[in-house]
Amino acid sequence: MSKARLIDGKKLAAKLRKTVGTQTLTLKKAYGLVPGLAAVLVGEDPASQIYIRNKETHAREVGMNNFSRRLAKNISEAKLLKIVSELNADPVINGILVQQPLSKKIDAFTVIEKMDPAKDVDGFHSFNLSALFRGSGGLVPCTPKGCMMLLETTISDLNGANAVVLGRSNIVGKPLAQLLLAANTTVTITHSHTCNLPEICRNADILIAAIGQPKLIKGHWIKPGAVVLDVGINRIKTKDGEQTLVGDVDFDEVVEIAGAITPVPGGVGPMTIACLLENTLIACCRQNGVPVPEI
Ligand code: GUN
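Presented here is an overview of the structure given in this document.

**Here we look at the layout of surface pockets**
The calculated volume of the largest pocket comes to roughly 1400 Å³. Along the walls of the largest pocket sit 46 residues, with Y51, T143, V231, I233 and T272 positioned nearest its centre. Only α1 (9–31), α2 (46–61), α6 (142–154), β10 (234–237) and α10 (268–288) provide two or more residues apiece to the lining of the largest pocket. The class makeup of the residues in the lining of the largest pocket is 24 nonpolar, 14 polar and eight charged. Considering only enclosed or pocket space, the second largest pocket measures out at about 700 Å³ in volume. Lining the second largest pocket are 30 residues, with V140, K145, M149, E152 and E278 positioned closest to its centre. Put simply, the parts of the chain that give the lining of the second largest pocket at least two residues each are α1, α5 (126–134), α6, α7 (173–182) and α10.

**Topic: the packing of α1 against α10**
In contact at an axis separation of 8 Å, α1 and α10 are set at 20° when each is read in the N-to-C sense. In terms of orientation, α1 and α10 fall into the roughly parallel class. Seen from above, α1 lies across α10 with left-handed handedness. Every residue of α10 that contacts α1 at G9, K10, L12, A13, L16, R17, V20, Q23, T24 and L27 is listed here: P270, M271, A274, C275, L277, E278, L281, C284 and C285.

**Some remarks on the site of the ligand**
Near the ligand, the surroundings consist of L97, V98, Q99, Q100, D122 and F124. Contacts to the ligand include V98, whose backbone N or O atom sits 2.9 Å from a nitrogen atom. Here a nitrogen atom of the ligand and a side-chain polar atom of Q99 are 3.4 Å apart.

**Some words on the sheet that holds strand β1 (residues 5–6)**
Read across the open sheet, the six strands follow the order β1-β12-β9-β8-β6-β7; overall the sheet is parallel. Strand pairing shows two members of the sheet lacking a second neighbour, β1 and β7 (186–190), which therefore form its edges. For β1 and strand β12 (residues 260–261), the ladder comprises two bridges, and the chain directions are parallel. Bridged to R5 within β12 is A260. On the sheet, α6 packs against β1, β8 (206–209), β9 (227–230) and β12 and is oriented at approximately 155° with respect to β9.

**Considerations on the pattern of salt bridges**
Scanning the model with the defined rule gives six salt bridges in all. With a closest N to O distance of 2.7 Å, E56 and R70 form a salt bridge. With a gap of 14 residues between them, E56 in helix α2 and R70 in strand β4 (residues 69–71) connect regions that are remote in the sequence. For E56, a relative accessible area of 10% puts it in the buried group.

**Here's the deal with α7**
With seven of ten residues buried, α7 is to be regarded as a mostly interior element. On the buried face of α7, the contacting elements are α5, α6, β6 (162–166), β7 and β8. Within two residues after α7, N184 carries a phi angle of roughly 70°, on the positive side.

**Regarding empty space enclosed by the protein**
For the coordinates displayed, the defined rule picks out one cavity of 30 Å³ or more. Approximately 40 Å³ is the volume found for the largest cavity. Around the largest cavity sit L97, V98, Q100, I112, M115, D120, D122 and F124, which together line it. Residue classes in the lining of the largest cavity are distributed as five nonpolar, one polar and two charged.

**Comments concerning the packing of α1 against α6**
Where α1 contacts α6, the axes come no closer than 11 Å and their chain directions differ by 105°. Taken together, the axes of α1 and α6 are roughly perpendicular relative to one another. Between α1, through G9, L12 and L16, and α6, the contact on the second element is made entirely by M149, L150 and T153. For the contact of α1 with α6, the residue count by class is four nonpolar, two polar and no charged.

Thresholds applied
- Residues numbered from 1 in each chain as written.
- Predicted model: local features only at pLDDT ≥ 70, side-chain atom pairs only at ≥ 80, totals over all residues.
- Heavy atoms only, no water.
- 1 Å grid on protein atoms, 1.4 Å probe; cavity = no way out; pocket = protein on both sides within 12 Å on 5 of 7 lines; lining within 4 Å.
- Points joined across faces, edges and corners; volume = space filled by probe spheres on them.
- Helix = DSSP H or I, 4+ residues; strand = E, 2+ residues; numbered from the N terminus.
- Nonpolar A, V, L, I, M, F, W, Y, C, P; charged D, E, K, R; others polar.
- Axes fitted to C-alpha atoms, helices over the stretch in contact; angles between N-to-C directions.
- Parallel < 35°, antiparallel > 145°, perpendicular 65-115°, else oblique.
- Left-handed = near helix turned anticlockwise from the far one by under 90°.
- Contact = heavy atoms within 4.5 Å.
- Near = heavy atom within 4 Å.
- Polar contact = N/O pair within 3.5 Å; in protein donor to acceptor, adjacent residues only side chain to side chain.
- Pairing = 2+ DSSP bridges.
- Salt bridge = Lys/Arg side-chain N within 4 Å of Asp/Glu carboxyl O.
- Buried < 20%, exposed > 50% of the residue type's maximum accessible area, 1.4 Å probe, protein only.

In structure tokens form, the structure reads like this:
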């Protein structure tokens, strides 16, 4: 059997960022508006620092204003909520996100609910989640949105496909299941307590791994020809003691069986940031009552 086709998330994300950049310039020329993004980082988690830096860099590259905030790791919940209120009230800020995970002292749900839902470019606020359930109107969570774009460029017709999602997080698994349902796939959500996981996965035409366990998904779990998206980003040590990034999928095994697969890195990851920029552009247009461009 031939090897799976690589789904190039880096390339698709670059294309989306280019379109967002063009639309951002048009918005400036037509209305004098420049979308502003405030990414908030609490503490010094190394992975979160990298994510925030990437978000800032790409926001600037597409012509947006960056109003990121870096806050001390021991900041109180009350102080963080006050900062979110200030960002809500600032008209030059169109998109706000607070990088997760937060410390145990701070309740992430309370922080998210404090955000103006119109500025919640992560799409995590209950207003946006209810829009996701209804199927229209809100801001859509970035990683699930990016996964759907990758699927739509890989599969000509999603109708009736069996989609299996591994992982039930609020950030990826649960919202992604809603988007897959809206696209007329038959969705199974699995998680760490699911029985017969390999058997369920073998029934998947589309398998999306977001469970946070390095190389969990093996070749014999895969239906020949299936499309596999790997959302996992796990830092592990190699035999020679070096740090490396791997996904939730055992790539070397699965690439031999699947029809198409995303690599880690360079698959889903870049799409998350590109979709965040798209959401910031959409949020800016909606807040200012100007037409949202077709992307
Ligand atoms: N942590 C991991 N993924 C995300 C994300 O998409 N948004 C935020 N705010 N935090 C995250």
